[in-house]
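Single-letter residue listing:
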Amino acid sequence: GSPQCCIMPTPNAGIDDSICSHTYSLNATASSTNGTWTLLNGAGTSTFSNATSPNSTVDVSVDGTYSFLWTEDNGPACTSSDTVVIQFANQPSANAGTNDQTCSHNYTLAGTASYGIGTWSYTGPGTASFGDINSATSSVTVDMDGSYTFTWTEDNGLGCTDNASVNIDFAEMP
C-alpha cells in the first residue's frame, strides 16, 4: 500500500492572559476541524463548556495559573498542539457597610472583607485615624464634627480591585 499523507495542523491556542474571574473565554485559532481542549496543569480543576470548540469557555475551581492544551488531529501521525497560560484570580467585592451617624468622635466601621487586602481611606472636614487601616471593621476616631466618607478598597494583588464607600456623620454630644 501507499503511505498515508496528511496536512499537519498548525494550531494556535491564543495569547497568554489573566482575568479577574474563574471563567475565561478561550480563543484558539483552529487550522483543522478536529480540535480538543485539555487541562495541561493548574492550581485546581477545570470544566470546559465545549472541549471541541476553539472558543470554549472554561471554569476553574480556584485562583491560580492554568495551562490549557489545544490539540488538533488530522489523522494518524498528524497531530499537533499549542498551549495557552491563563492566570485566574477572584474579583474582590468591596462592602463598606451602611451610612450611619454617631454622637461621638469614635466609630466602628462595618465593612465586609472579600478577597485580597483591604485598606480604608477617607475624606472629611477633619482628620481621621484608624485602629487598623486594613481591617474591614476598624475603629476610627475623628478630630472634628461633620460628615466623613470612608472608602474600603480591596486589592487581590493580581490586578483585581474594587472599592465601596460609606458616609458617617459625627456630632459630639454637647
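Residues numbered from 1 in each chain as written. Predicted model: local features only at pLDDT ≥ 70, side-chain atom pairs only at ≥ 80, totals over all residues. Heavy atoms only, no water.

A.B. asks: For empty space enclosed by the protein, give the residues involved together with the corresponding values.
C.D. replies: Summed over all chains, the structure comprises one cavity of 30 Å³ or more. If you add up the space inside the largest cavity, you get close to 30 Å³. (1 Å grid on protein atoms, 1.4 Å probe; cavity = no way out; pocket = protein on both sides within 12 Å on 5 of 7 lines; lining within 4 Å. Points joined across faces, edges and corners; volume = space filled by probe spheres on them.)

A.B. asks: Lay out the pairing of strand 7 (residues 79-88) with the relevant residues and their values.
C.D. replies: Across three bridges, strand 1 (residues 17-19) lies against strand 7 in parallel orientation. Along strand 7, the bridge assignment pairs isoleucine 19 with phenylalanine 88. Here strand 6 (residues 64-73) pairs with strand 7 via 10 bridges, running antiparallel. Paired with serine 67 across the bridge in strand 7 is valine 85. Hairpin geometry of strand 6 and strand 7 is characterised by an intervening segment of five residues between the two adjacent antiparallel strands and by a positive phi of about 120° at glycine 75. (Pairing = 2+ DSSP bridges. Helix = DSSP H or I, 4+ residues; strand = E, 2+ residues; numbered from the N terminus.)

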